[in-house]
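Single-letter residue listing:
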Amino acid sequence: MSEKAAKTALTPSTHTTPPAKFSHGVRKGNILQVAGQVGFAPAVPGEAPTPVGPGLREQTLRTFANVEAILREGGASWEDVVMIRVYLTDTAHFAEFNEIYNEFFADLTEAPAARTTVYVGLPAGLLVEIDALAVLG
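Below, the structure is looked at part by part. Everything numeric in this text was worked out from a predicted model, so none of it was measured.

What to know about the packing of aromatic side chains
Evaluation of the coordinates by the stated rule reveals 11 aromatic pairs. Ring plane angle 85 degrees and centroid distance 5.9 Å describe the contact between Phe64 and Trp78, whose orientation is recorded as edge-to-face. Pair noted here: Phe64 is in helix 1 (residues 56–73) and Trp78 is in the loop between helix 1 and strand 4 (81–88), with a separation of 14 residues, a long-range link. Of the two residues, Phe64 and Trp78, neither departs from the other in class, the shared state being buried. Ring plane angle 80 degrees and centroid distance 4.9 Å describe the contact between Trp78 and Phe105, whose orientation is recorded as edge-to-face. Note that Trp78 is positioned in the loop between helix 1 and strand 4 and Phe105 in the loop between helix 2 (94–104) and strand 5 (113–118), a separation of 27 residues in sequence. Residue Trp78 shares its accessibility class with Phe105, and that shared class is buried.

Right, dumping it as structure tokens:
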């Protein structure tokens, strides 16, 4: 009988401790799921998370950095990502987001599957949320 893979919760030092019983990311075996991330600046102990800049570009790049921090914490990279889900708060942001996305991933060997949808439930001031699924090995 094979040994069951351990499940490891991931919270990089750049992230605040989640406010409820969930993890920023979880790795089990060769699967790593990054929970929905937003454009919060790096964590400052004792302070509430703060969104970066008011614009979509600043928030998207920070969100990518937050996802990437969790990927690294779990031993993965963007090359290991097989699925990205993006939630925008405004349909008018699709074209600008796609430009930012294409620039950011220009050097990626193989593009992951992706899905973008409009979601109006993000806290005030936040424009984008991204989660990712990576398979290592």
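Picking up where we left off.
With respect to the pairing of strand 5
By the bridge criterion, 6 bridges tie strand 4 to strand 5 in an arrangement that is parallel. Pairing of Ile84 across the sheet is with Ala114, part of strand 5. One crossover worth recording links strand 4 to the parallel strand 5 by way of helix 2, and it is right-handed.

Parameters at a glance
- Every chain's residues receive numbers from 1 upward, in the order its sequence appears when written.
- Since the coordinates come from a predicted model, pLDDT governs what is reported: local features require at least 70, and pairs of side-chain atoms require 80 or more to be given and counted, while whole-chain, interface and lining totals use all residues.
- Side-chain measures were taken over the full set of non-hydrogen atoms in the model, leaving aside hydrogen atoms and water.
- In this scheme Phe, Tyr and Trp rings, the latter by its six-membered ring, pair at centre separations within 6.5 Å, and the angle between planes marks the pair as stacked below 30 degrees, edge-to-face above 60, and tilted otherwise.
- Put simply, DSSP H or I for four residues or longer makes a helix, DSSP E for two residues or longer makes a strand, and each gets a number counted from the N terminus.
- When a residue's accessible area, from a 1.4 Å probe over protein chains only, is under 20% of the maximum for its type it is buried; when over 50% it is exposed; and in between it is partly exposed.
- Any two strands with at least two DSSP-identified bridges between them are counted as paired.
- Whether a crossover is right-handed comes down to one check: with the strands pointing away from the viewer, does the path from the first strand over the helix to the second run clockwise; if it does, it is right-handed.

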